[in-house]
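The lines below spell out each chain.
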Amino acid sequence: MLRTSASRVLDDSDRDEVLALLDSDPVANVFVSSRVRAVGLNPARLGGQMWGFGPRGGLVSLCYAGANMVPVSAGPEAVHAFADRARKQGRRCSSIVGPVDAVSLLWERLEPYWGRARAIRWAQPVMATSRRPPVPADPLVRRVRPEEFDILLPACVAMFTEEVGVSPNLGDGGALYRTRVAELIRIGRSYARIDNGKVVFKAEVGAVTPQACQIQGVWVDPELRGRGHAVAGMAAVVEAAMECFAPVVTLYVNDYNRSARAVYRKVGFVEVDTFMSVLF
């Protein structure tokens, strides 16, 4: 029985216990784990707060509350505690994302206070692979160079707008998004095939831990779709990710995106979990 029914804000003194909990499911928790490993739990560095449920030494659940809200290993009692804190704090995130059971319950508790969401992605299969792709990789997919930022950025904006439904240039004029794109290029986690100054295929390795890494931002020029660029491009990125970052490569995809799911299966991904996203 838990000795507390309330959540608490964690700090760097909780880091080892937090990482142990995150490592219990390194695929589902890759995003949150990568943040904690990179910057710790100080809210100023983390870009938000990490909420814990359970006493010190007996932590059972987490919730990352930053630009995204992400519950981790959260059963009903923990979700209720996180929802209570989130309700009192008010909405500060642009999305809630994570395992479907926790997110659906969290949103059920928060919707009466936060109002309608802009969009809800009820089922997003989480896919993973730990083996080399069984299909040939595109030899022209490579790391994007810093001087190619202006070539890559329009493709990134197009991908984001197509996937999320709004432009990343809204609000701050796209400053934060441009910074993130540039940072992924700088640290060698942005990959693309660029032909004659035009992006044919692109993807990024958005989160990295010693156990797993997560691919995001997969995009093929609409004029060139249906020609095999996605399969060959993803094979190249998976090979690079396994060689450079982690032994397991993961991603999540909307359930209705049948073409993308087919591409990932051809590259060797299998479904291992289901996420849900609430977008504001």
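What counts, and where the lines are drawn
- Residues numbered from 1 in each chain as written.
- Predicted model: local features only at pLDDT ≥ 70, side-chain atom pairs only at ≥ 80, totals over all residues.
- Heavy atoms only, no water.
- Domains from an automatic or database assignment.
- Contact = heavy atoms within 4.5 Å.
- Buried area = accessible area lost by both parts, 1.4 Å probe.
- Salt bridge = Lys/Arg side-chain N within 4 Å of Asp/Glu carboxyl O.
- Polar contact = N/O pair within 3.5 Å; in protein donor to acceptor, adjacent residues only side chain to side chain.
- Helix = DSSP H or I, 4+ residues; strand = E, 2+ residues; numbered from the N terminus.
- Pairing = 2+ DSSP bridges.
- Expected span 1.5 Å × (residues − 1).
- Buried < 20%, exposed > 50% of the residue type's maximum accessible area, 1.4 Å probe, protein only.

## What to know about the domain arrangement of the protein chain
By convention, interface size is frequently given as the accessible area that disappears when the constituent parts associate. Domain parsing of the protein chain yields domain 1 (8–116) and domain 2 (142–273). Between the C-alpha centres of domain 1 and domain 2 the distance comes to 25 Å. The interface of domain 1 with domain 2 comprises eleven residues on the first partner and 13 residues on the second. Both faces combined, the contact of domain 1 with domain 2 buries some 830 Å², and carbon together with sulfur accounts for 71% of it. On the domain 1 side of the contact with domain 2, V27, V30 and R37 bury the most area, a combined 51% of that side's loss. Across the domain 1-domain 2 interface, the total number found is zero salt bridges. At the boundary of domain 1 and domain 2, one finds one residue pair in polar contact (both at pLDDT 80 or more). Looking at the side of domain 1 that touches domain 2, the element that brings in the most residues is helix α2 (residues 30–39), giving five residues.

## Some thoughts on the sheet that holds strand β9 (residues 198–208)
With mixed pairing, the twelve strands of this open sheet are ordered in space as β1-β2-β3-β4-β5-β12-β6-β11-β10-β9-β8-β7. The open sheet terminates on both sides in strands that have one partner only, identified here as β1 (7–9) and β7 (142–143). The sheet contact formed by β9 and strand β10 (residues 212–220) spans six bridges and is antiparallel. The residue bridging F201 from the neighbouring strand is V220, located in β10.

## A few points about helix α4 (residues 76–89)
The α-helix winds at 3.6 residues per turn, so residues separated by three or four positions along the chain end up facing the same way. Helix length check: α4, at 14 residues, gives a terminal C-alpha distance of 20 Å against a target of 20 Å (1.5 Å per residue), a fit within 8%. Residues of α4 that are buried: A78, V79, A81, F82, A83 and A86. Turning to α4, the residues buried within the fold contact β1, β2 (49–53), β3 (61–65), β4 (68–72) and α5 (100–114). Once α4 ends, the next one or two residues include G90, with phi positive near 90 degrees.

## Topic: unusual backbone geometry
A positive phi is found at S73, a non-glycine position, where the angle reads about 50 degrees. Mapped onto the secondary structure, S73 falls in the loop between β4 and α4. Here the phi dihedral of N196 falls at roughly 50 degrees; this positive angle occurs in a residue that is not glycine. Mapped onto the fold, N196 is located in the loop between β8 (190–195) and β9.

## Digging into the side chain of T129
Within the secondary structure, T129 sits in strand β6 (residues 119–129). Judged by its relative accessible area of 4%, T129 falls in the buried class. In this structure T129 touches V238, M242, P247, V248, V249, G268 and F269, once residues within four positions along its chain are discounted.

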